[in-house]
Amino acid sequence: MSDKLKAGILGGTGMVGQRFISLLEDHPWFEVTTIAASPRSAGKTYEEAVGGRWKMQSAMPEAVKKIIVKNVNDIEAVSREVDFVFSAVDMTKEEIKKIEEDYARAEIPVVSNNSAHRWTKDVPMIVPEVNPEHLEVIESQKKRLGTERGFICVKPNCSIQSYAPALTAWRKFEPTEVVAATYQAISGAGKTFQDWPEMEHNIIPFIGGEEEKSEQEPLRIWGKVVNGEIVKAEKPLITSQCIRVPVLDGHTAAVFVNFAKKPTKEELIRALVEFKGAPQELKLPNAPKQFIQYLEEDDRPQVALDVNYENGFGVSIGRLREDAYFDWKFVGLSHNTIRGAAGGAVLMAELLKAKGYLKKK
């Protein structure tokens with residue numbers, strides 16, 4: 001019998017669900033045993049349910065092709081077969097909140113890529129290198145839910161991954177004001193160019209809800225745990241503009257920042273390249289050896305050259321220079337469906353297992 005934890009994927013037929021399946025192929029700790037999706041996919045093999053909609057560049061793993069897809073709403077049937085689930089369901093926010101809580105109350109831990117519970121006060125929203133200490137609110141959440149092992153843990157929005165890690169590395173210099181303009185890939189909307197041909201040679205200067213997330217979610221990951229709840233940080237003040245660009249994978253950010261303490265360029269770069277956290281210390285399977293790289297070339301980072309840094313789990317920073325109005329400005333890049341979505345959730349699950357929150361039933 002395998003020692004691996006049995007993982008289910010809720011919403012396994014969509015783009016993020018497919019990314020989960022690709023990332024979990026041959027994972028040393030987790031094995032995909034169950035896939036759940038909408039009632040129209042239930043009863044089909046995974047290969048049949050996806051049909052011609054497989055969007056990953058690598059082939060569909062053989063191990064999942066013949067798995068019979070379950071109805072995501074049949075919580076009892078899914079729960080019998082898994083130790084925990086990844087959630088990437090495509091529902092309304094209220095429907096997602098309910099179904100994730102229902103799984104948690106069924107004593108199934110939920111590792112979610114969705115936004116529905118990002119502001120639930122006792123649900124940790126984790127970037128594993130940044131705020132692993134927020135996992136402690138899980139015990140308060142279990143008391144609220146009345147569970148022994150069931151809980152929800154979420155990851156933040158993909159758009160903040162290209163700049164929030166750098167700002168985290170610079171927290172000792174006390175950032176006070178930040179302007180972040182993000183240039184976001186179409187896979188962030190679950191699309192390819194085949195699905196969205198009007199994005200070719202086009203830019204759309206609006207992505208619903210992204211600017212609020214970009215401005216507020218970093219404050220939550222920098223917040224403190226107080227009386228079993230997460231209280232967001234008050235600073236820095238962040239304002240953002242989010243733009244959809246004709247790129248398949250990779251969110252880029254152009255960022256301007258003021259500091260209360262005035263660092264030198266050398267101090268800023270050193271803080272970036274030396275920054276590490278729990279994944280590196282615990283040597284988690286998907287932990288980037290160097291979380292943030294700094295690129296000296298004037299024309300880097302580039303999506304074509306740098307989006308897959310550290311297998312898509314790392315963050316690339318470049319063009320750090322003084323600004324006429326702000327103290328410093330820089331460009332950041334992260335892989336939006338690996339570090340920013342499914343990969344970030346897989347790394348979070350690895351952290352949860354290493355910390356004893358995910359176990360066999």
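Anything mentioned here points back to the structure above.
For clarity, every value in this text was computed on a predicted model and none was experimentally measured. (Residues numbered from 1 in each chain as written. Predicted model: local features only at pLDDT ≥ 70, side-chain atom pairs only at ≥ 80, totals over all residues. Heavy atoms only, no water.)

Draft legend 1. Here's a closer look at the overall build of the chain. Scanning the chain for helices and strands turns up twelve helices and 14 strands. Computed over the C-alpha atoms, the radius of gyration of the chain is 20 Å, within 12% of the 21 Å expected from 2.2 N^0.38 for a compact globule of 361 residues. Expressed along its principal axes, the backbone C-alpha trace of the chain runs to roughly 60 × 50 × 35 Å. Counting all 361 residues of the chain, 58% fall into the buried class. Partitioning the intrachain contacts of the chain with sequence separation of at least 6 by distance along the chain shows that 77% fall at a separation of at least 24. For the chain, the exposed surface amounts to about 15700 Å²; the carbon and sulfur share of it is 48%. A distance of 3 Å separates the average location of the 48 positive side-chain charges in the chain from that of its 51 negative side-chain charges. (Helix = DSSP H or I, 4+ residues; strand = E, 2+ residues; numbered from the N terminus. Rg over C-alpha atoms; globule rule 2.2 N^0.38 Å. Buried < 20%, exposed > 50% of the residue type's maximum accessible area, 1.4 Å probe, protein only. Contact = heavy atoms within 4.5 Å. Areas by Shrake-Rupley, 256 points an atom, 1.4 Å probe, with all protein chains shown as cover. Lys, Arg positive; Asp, Glu negative; His and termini not counted. Charge placed at Lys NZ, Arg CZ, Asp CG, Glu CD.)

Draft legend 2. Quick look at the nonpolar core. Trp 170 and Trp 222 are the most contacted members of the largest nonpolar core, which has 54 residues in total. The contact partners of Trp 222, leaving out residues within four places of it in the chain, are Val 130, Ala 164, Leu 167, Thr 168, Arg 171, Ala 233, Lys 235, Pro 236 and Ile 238. (Core = buried A, V, L, I, M, F, W, Y, C linked by side-chain atoms within 4.5 Å.)

Draft legend 3. Just the environment of Tyr 103, in detail. Tracing the backbone shows Tyr 103 in helix α5 (residues 93-105). You can call Tyr 103 buried: its relative accessible area is 0%. As a C-alpha pair, Tyr 103 and Phe 151 span 48 residues in sequence and 8.3 Å in three-dimensional space. Discounting chain neighbours no more than four positions away, the residues touching Tyr 103 are Leu 10, Val 72, Asp 74, Ile 75, Val 78, Ser 79, Ile 108 and Val 110. One polar contact links the side chain of Tyr 103 to the main-chain carbonyl oxygen of Val 72, over a distance of 2.8 Å. (Polar contact = N/O pair within 3.5 Å; in protein donor to acceptor, adjacent residues only side chain to side chain.)

Draft legend 4. Structural context of the packing of aromatic side chains. Taken as a whole and assessed by the stated rule, the structure comprises twelve aromatic pairs. For the ring pair Phe 30 and Phe 86, a centre distance of 6.4 Å and an interplane angle of 70 degrees mean the geometry is edge-to-face. Taken together, the residues Phe 30 in strand β2 (residues 30-37) and Phe 86 in strand β4 (residues 84-87) connect sequence positions 56 residues apart. Relative accessible area serves as the criterion here: at 1%, Phe 30 is assigned to the buried category. Look at Phe 86 and you get buried, because its relative accessible area is 0%. Measuring from ring centre to ring centre gives 6.0 Å for Trp 170 and Phe 259, while their planes differ by 75 degrees; the resulting arrangement is edge-to-face. (Phe/Tyr/Trp six-rings, centres within 6.5 Å; stacked < 30°, edge-to-face > 60°.)

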